[in-house]
Amino acid sequence: MIELLEQLGVNAKKAAGALASVTTQQKNAALEEIAKELVNHTDYIIEQNEIDLENGRNAGLNEGLLDRLMLNEDRIKGIADGCIQVSKLDDPCGIVLDEIVRPNGLKIQKVSCAMGVIGIIYEARPNVTADAAALCLKSGNAVILRGGKEAIHSNIAIAEVMRNAVESTGLPKDSIQLVTDTSRESSTELMRMKGVLDCLIPRGGKALIKAVVENSTVPVIETGSGNCHIYVDEYADIDMASEIIFNAKTQRIGVCNACESLVIHSAVIDKALPMIKKRLDEKNVEIRGDERAQKACPDIKAADESDFSTEYLDYIISVKTVDSLDEAIEHINENSTGHSEAIITDNEENSKAFMSRIDSSSVYHNASTRFTDGGEFGLGAEIGISTQKLHARGPMGLCELTTTKYLIFGNGQVR
């Protein structure tokens, strides 16, 4: 295993060196070829995905995880379209971010550049294989991908198609590499590849992210799980709140920007919760509420304290009743994973207070949390949603996959 990963590292370093001098046009041509070949190989990818889905059903994966895992013709076309979108974005490398001329005549430029080799550890989402590889390629980085066992057949198929497409355009095939061993050992060894990996990005559940952050010797960009909250303020339009919550909770339950927790002001809970429940009943969403929520809707289940900090990835949602905006903000900041939160209100002052004081990467006013996404933010495909504060925060697009270096131009200066 160690020898295999070491070889992947050698390959990646060599590919990264070659990518440093590749033009924007060459990168775009490779991405366009990738998109074309993904569509051309739709039947093959779906065939391999069906193996993963069958294995997942036999292993008892819940509906949310199976939804994350599933690929169909539309989703594969969406993945291909994502590659095209990335090809149309500005190249993030080689941008002069700052320039000064010193009194001695030295011209100093601060320039954006690729990180080099990026490692990505992720779980049962085969679309990440394509999204991550496309973003890394456009930002001039080689990538070593390590997906979960649940999606291994899908990941191998997608990576194979992408590698062949890249090679056909004259770029290094090893710009994109996949670790096909899904044992815990391969994940652990990838975390220890300091000196090979310039950055490691975990993308998945809380347990995976915690393991990578605590055990990696490679610099980590932490992408967080999503216990996303929607606060229904006392000045909320309840009809609007019901529609937003329905979308945020049920459009796709297995994603990190789905709403998992409701916070409702006590002044409106008797009116708001029955209306929200009626809408959520259309999808058989189980509601777990505190005592006041149960009084407003006697047929919902009782919540315990753990419910308020849980990312369900299922048709379950918690409800906390509060008596003030301050209490809502305090509760959310205490239980949030720092991903996405929303306030539903017609009160501008309350909206401003909520949006400035909530300590999460994305904060909404009168909109669904489901928009926290690189594509929806105009960034193209995303590498993940960063919930940390150093280097990157929120949806990570191309610019977040670059670093900087200084170029100094002289004509004989000595110090």
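Computed from a prediction, not measured in an experiment: that's the story for all the values here.

A. Highlighting a negative patch on the surface. Side chains of Asp43, Glu47, Glu73 and Asp74 sit close together on the surface and give a patch of like negative charge. Elements with a minimum of two residues in the negative patch: α3 (42-58) and α5 (73-88). Along the chain, glutamate 47 falls in helix α3.

B. Seen up close, the sheet that holds strand β2 (residues 107-114). The three strands lie next to each other as β1-β2-β16, forming an open sheet whose pairing is antiparallel. Two strands lie at the open edges of the sheet, namely β1 (96-101) and β16 (402-409), each paired on one side alone. When the angles between neighbouring strand axes are averaged without regard to direction, this sheet yields 20 degrees. Pairing of β2 with β16, which is carried by eight bridges, proceeds in the antiparallel orientation.

C. Summary view of the sheet that holds strand β6 (residues 199-203). The strand order β5-β4-β3-β6 describes an open sheet built from four strands, whose pairing is parallel. Because the sheet does not close on itself, it has two edges, and the strands there are β5 (176-178) and β6. In this sheet, adjacent strand axes meet at a mean angle of 20 degrees when their direction is disregarded. When strand β3 (residues 117-122) meets strand β4 (residues 142-146), the two strands line up parallel, connected through five bridges. Bridge pairing in β4 links valine 117 to alanine 142.

D. Examining the packing of helix α6 (residues 127-138) against helix α7 (residues 152-168) more closely. Close contact between α6 and α7 brings their axes to 9 Å; oriented N to C, the two are set at 30 degrees. With respect to α7, the axis of α6 lies roughly parallel. α7 is crossed by α6, and the crossing has right-handed handedness. Facing α6, whose interface residues are Thr129, Ala130, Ala133, Ala134 and Leu137, α7 presents Asn155, Ile158, Ala159, Met162 and Val166.

E. Expanded view of the side chain of serine 216. Locating serine 216 in the fold gives a position in the loop between α9 (206-215) and β7 (228-232). A distance of 2.9 Å separates a polar atom in the side chain of serine 216 from the backbone oxygen of valine 218. If near-sequence neighbours (up to four positions away) are discounted, serine 216 is found in contact with Met191, Leu200 and Ala211.

F. Structural context of the pairing of β7. In terms of residue burial, β7 counts as a mostly covered element, since five of its five residues are buried. The alternating pattern of β7 places Cys228, Ile230 and Val232 on one face and His229 and Tyr231 on the opposite face, and all of these are buried. At this point the chain moves from β7, through helix α10 (residues 238-250), to the parallel strand β8 (residues 259-265), and the crossover so formed is right-handed.

G. Spatial organisation of the side chain of lysine 277. Along the chain, lysine 277 turns up in helix α11 (residues 269-280). When near neighbours in sequence (up to four residues on either side) are disregarded, lysine 277 contacts Ile287, Cys297, Asp299 and Ile300.

H. Representation of α9 within the structure. When α9 is considered as a whole, its buried residues turn out to be Leu208, Ile209 and Val212. Burial along α9 is one-sided: seen end-on, the buried residues are contained in an arc of 95 degrees. Exposed and facing more than 90 degrees away from the buried side of α9 are Ala207 and Glu214. Buried residues along α9 sit in contact with β3, α8 (184-191) and β6.

Calculation rules
Residues numbered from 1 in each chain as written. Predicted model: local features only at pLDDT ≥ 70, side-chain atom pairs only at ≥ 80, totals over all residues. Heavy atoms only, no water. Patch = residues over 30% accessible without salt bridge, like charges linked within 9 Å, V, L, I, M, F, W, Y side chains within 5 Å. Areas by Shrake-Rupley, 256 points an atom, 1.4 Å probe, with all protein chains shown as cover. Salt bridge = Lys/Arg side-chain N within 4 Å of Asp/Glu carboxyl O. Lys, Arg positive; Asp, Glu negative; His and termini not counted. Charge placed at Lys NZ, Arg CZ, Asp CG, Glu CD. Helix = DSSP H or I, 4+ residues; strand = E, 2+ residues; numbered from the N terminus. Pairing = 2+ DSSP bridges. Axes fitted to C-alpha atoms, helices over the stretch in contact; angles between N-to-C directions. Parallel < 35°, antiparallel > 145°, perpendicular 65-115°, else oblique. Left-handed = near helix turned anticlockwise from the far one by under 90°. Contact = heavy atoms within 4.5 Å. Polar contact = N/O pair within 3.5 Å; in protein donor to acceptor, adjacent residues only side chain to side chain. Buried < 20%, exposed > 50% of the residue type's maximum accessible area, 1.4 Å probe, protein only. Right-handed = clockwise from strand over helix to strand, strands pointing away. Arc of directions from axis to C-beta.

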